[in-house]
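The residues making up each chain are set out below.
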Amino acid sequence: MGGVSAVRRFPVVADLTWVTAGAMTANVAGYLLQLLAGRWLGVTGYSEFASLLAVQLLCAVPALALQNVVARELVRGAGTAALRGLQWRCAVIVALVAAVLVPLVAVTLHAGVAATAAALGAAPALVLLSGEQGVLQGSKRFRALGVVLGAAGVARVAPALIILALGGGATIALWAAACGIATAAVLARIVAGAPSERARNEPGEVSAPGVLPVLRAAQVQAAMMALSSADLIVVRIVLDDVDASRYALGTIATKIAFWLPQAVGVVLYPRMAQPTHSASAIRAALAVLSGIGLVAVLGAALAAPLAPLLAGEDYAPIQGLLWLFALHGALLAVLQGAVLSAIAVDRTSLALVTWLGLVVEVTLMLALARSIPALITTAVSVAATTTVVVAVMVLRAADHTARPEPLRPVG
């Protein structure tokens, strides 16, 4: 039995390795961009750049939702060609919404219109990129998915870094990043193209869904991503530019702890979408995410003295708070795993708890928090409460679904 178990585990470990390598490549590139941008743009210019990156992350919500829906529907037998049509419909809708939001976001964040347009203009390309990642994920081509994840991260970051290194400002760097994302979407289409088409060119395939399932998944993902990014937007309102930049740099630790274990959800997601394996997959995901989060918090505490050396002495005041930033990200990673399972089985009502957490967090920050310690403590407290509630609800629902009928005595 031990040999059989090891054989079954090996493909999962290999898949996790490939996806983790690709995701880590992308994430390290992203952290490098924020770190160097913080140094090159200075404490007075970095907050605009970081806030617009946070807005861009929120605009990636429909992209992430589309990836999850595409992967789920491929598991259920939908055709790749029809799902690619869905990708283009979603991309057009996102482009129209982004165009409307540009002036509103620019005024709210006191940012330039051109810089805001660059951040939001990347959203349609993110949709197409994530759709192709969903094709790879749903067809369990995790090696190719890992390659695409890593290449996309480098393609997004490298042009922006070059611009910043040459003395360009935030606006040109954001436009360069948007062009890199578009290039990555083309690459992903090439990688995902021929094999999946042959695999799905079969009679009797399930019809692809419309936009509505993507919207349902998007509101779940939107609640999650809004909760993970709202603090970066609020700090632009309640803090001055210097402290806002310091807080923004501290959230690099949050992002590391949040994105470090994302491969766990990606690889286990197809099993979450199958009722017979859903409960065990959810338990495994939450346990692994919690363990990785603990390691991330300890790592942030040990590495804290290096922060001023890497980012500059202007950021020394947040050194002792980095473990709190990492704890925030670790809690959000567990919450992400829980809500991902809800999307896998189309159980979207759980998002209401996350939306409530978002409202509470923003309200408390705007009303009471006027310092970096107060802001991050509020974020951690709300994230912890929301994560515990959602995780308990998910586990209870999974146990109820998987519970077998009781045996009845004969005669």
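See the structure printed just above.
Owing to the predicted nature of the structure, the values given are computational and were not obtained by experimental measurement. (Residues numbered from 1 in each chain as written. Predicted model: local features only at pLDDT ≥ 70, side-chain atom pairs only at ≥ 80, totals over all residues. Heavy atoms only, no water.)

Caption draft 1: Quick peek at the overall build of the protein. The helix and strand inventory of the protein stands at 15 helices and zero strands. Counting across all 411 residues of the protein, residues that qualify as buried make up 54%. Taking as baseline every contact in the protein between residues at least 6 positions apart, the subset at least 24 positions apart corresponds to 84%. (Helix = DSSP H or I, 4+ residues; strand = E, 2+ residues; numbered from the N terminus. Buried < 20%, exposed > 50% of the residue type's maximum accessible area, 1.4 Å probe, protein only. Contact = heavy atoms within 4.5 Å.)

Caption draft 2: Seen up close, the packing of aromatic side chains. Taken as a whole and assessed by the stated rule, the structure comprises two aromatic pairs. An angle of 70° between the planes, with centres 5.1 Å apart, marks the rings of tyrosine 247 and phenylalanine 325 as edge-to-face. Placement of tyrosine 247 in helix α9 (residues 241–259) and of phenylalanine 325 in helix α13 (residues 322–344) is noted, with a sequence separation of 78 residues between them. The class of phenylalanine 325 is buried, set by a relative accessible area of 0%. (Phe/Tyr/Trp six-rings, centres within 6.5 Å; stacked < 30°, edge-to-face > 60°.)

Caption draft 3: Seen up close, the nonpolar core. Grouped together as the largest cluster of nonpolar side chains are 145 residues, with contacts concentrated most on Val19, Phe49, Tyr247, Phe325 and Leu375. If one sorts the elements of this core by residue count, α13 sits on top with 16 residues. Those residues in contact with valine 19, other than ones at most four positions away along the chain, are Phe142, Leu145, Gly146, Leu149, Ala263, Val266 and Val267. (Core = buried A, V, L, I, M, F, W, Y, C linked by side-chain atoms within 4.5 Å.)

Caption draft 4: Inspection of empty space enclosed by the protein at higher detail. Across all of its chains, the model carries one cavity of 30 Å³ or more by this definition. By volume, the largest cavity amounts to about 1200 Å³. Surrounding the largest cavity, 50 residues form its lining, Asn27, Leu57, Leu64, Trp259 and Gln262 being those nearest its centre. Sorting elements by how many residues they give to the lining of the largest cavity places helix α1 (residues 2–59) first, with 13 residues. In the lining of the largest cavity, the residues fall into 26 nonpolar, 21 polar and three charged. (1 Å grid on protein atoms, 1.4 Å probe; cavity = no way out; pocket = protein on both sides within 12 Å on 5 of 7 lines; lining within 4 Å. Points joined across faces, edges and corners; volume = space filled by probe spheres on them. Nonpolar A, V, L, I, M, F, W, Y, C, P; charged D, E, K, R; others polar.)

Caption draft 5: Structural context of the pattern of salt bridges. Under the defined criterion, the tally for this structure stands at five salt bridges. A salt bridge links arginine 76 to glutamate 73; the shortest N-O distance between them is 3.6 Å. Look at arginine 76 and you get partly exposed, because its relative accessible area is 41%. Its relative accessible area of 8% is what places glutamate 73 among the buried residues. Put simply, arginine 84 and glutamate 132 hold a salt bridge, and the shortest N to O gap is 2.8 Å. In this pair, arginine 84 is assigned in helix α3 (residues 80–109) and glutamate 132 in helix α5 (residues 123–138), connecting sequence segments 48 residues apart. Since its relative accessible area comes to 3%, glutamate 132 is described here as buried. One salt-bridge network, held together by shared partners, links Arg72, Glu73 and Arg76. (Salt bridge = Lys/Arg side-chain N within 4 Å of Asp/Glu carboxyl O.)

Caption draft 6: Representation of the side chain of serine 130. In this fold, serine 130 is placed in helix α5. You can call serine 130 buried: its relative accessible area is 6%. Beyond its immediate chain neighbours, meaning those up to four positions away, serine 130 contacts Ala63, Leu64 and Gln67.

Caption draft 7: Structural detail: the packing of α3 against α5. Where α3 meets α5, the axes come as close as 8 Å, and the angle between the chain directions of the two elements is 160°. One way to sum up the angle between α3 and α5 is to call them roughly antiparallel. Seen from above, α3 lies across α5 with right-handed handedness. Across the interface between the two elements, Thr80, Arg84, Gln87, Trp88, Cys90, Ala91, Val94 and Ala95 of α3 pack against Ala123, Pro124, Val127, Leu128, Gly131, Glu132 and Val135 of α5. Looking at the contact of α3 with α5 residue by residue, the class counts come to ten nonpolar, three polar and two charged. (Axes fitted to C-alpha atoms, helices over the stretch in contact; angles between N-to-C directions. Parallel < 35°, antiparallel > 145°, perpendicular 65-115°, else oblique. Left-handed = near helix turned anticlockwise from the far one by under 90°.)

Caption draft 8: Highlighting the packing of helix α8 (residues 211–238) against α13. Put simply, α8 and α13 touch, their axes get as near as 10 Å, and they point 175° apart. Between α8 and α13, the angle falls in the class roughly antiparallel. On α13, the residues that touch Ala217, Val220, Gln221, Met224, Leu227, Ser228 and Asp231 of α8 are His328, Leu332, Leu335, Gln336, Val339 and Ile343. Each residue belonging to the contact of α8 with α13 can be placed in one class, and the counts come to eight nonpolar, four polar and one charged.

Caption draft 9: Seen up close, the environment of phenylalanine 142. Inspection of the secondary structure puts phenylalanine 142 in helix α6 (residues 142–165). According to the relative accessible area criterion, phenylalanine 142 is buried, its value standing at 4%. Residues phenylalanine 142 and threonine 20, spaced 122 residues apart in sequence, show a C-alpha to C-alpha distance of 10.0 Å. Sequence-distant contacts of phenylalanine 142, that is, excluding residues within four places in its chain, are made with Asp15, Trp18, Val19, Gln137, Val266, Val267 and Pro270.

Caption draft 10: Expanded view of α13. The end-to-end C-alpha distance of α13, which contains 23 residues, comes to 33 Å, matching closely the 33 Å that a straight helix rising 1.5 Å per residue would cover. Most of α13 is tucked away: 21 of the 23 residues are buried. Where α13 terminates, the next one or two residues include aspartate 346, which has phi positive at roughly 60°. (Expected span 1.5 Å × (residues − 1).)

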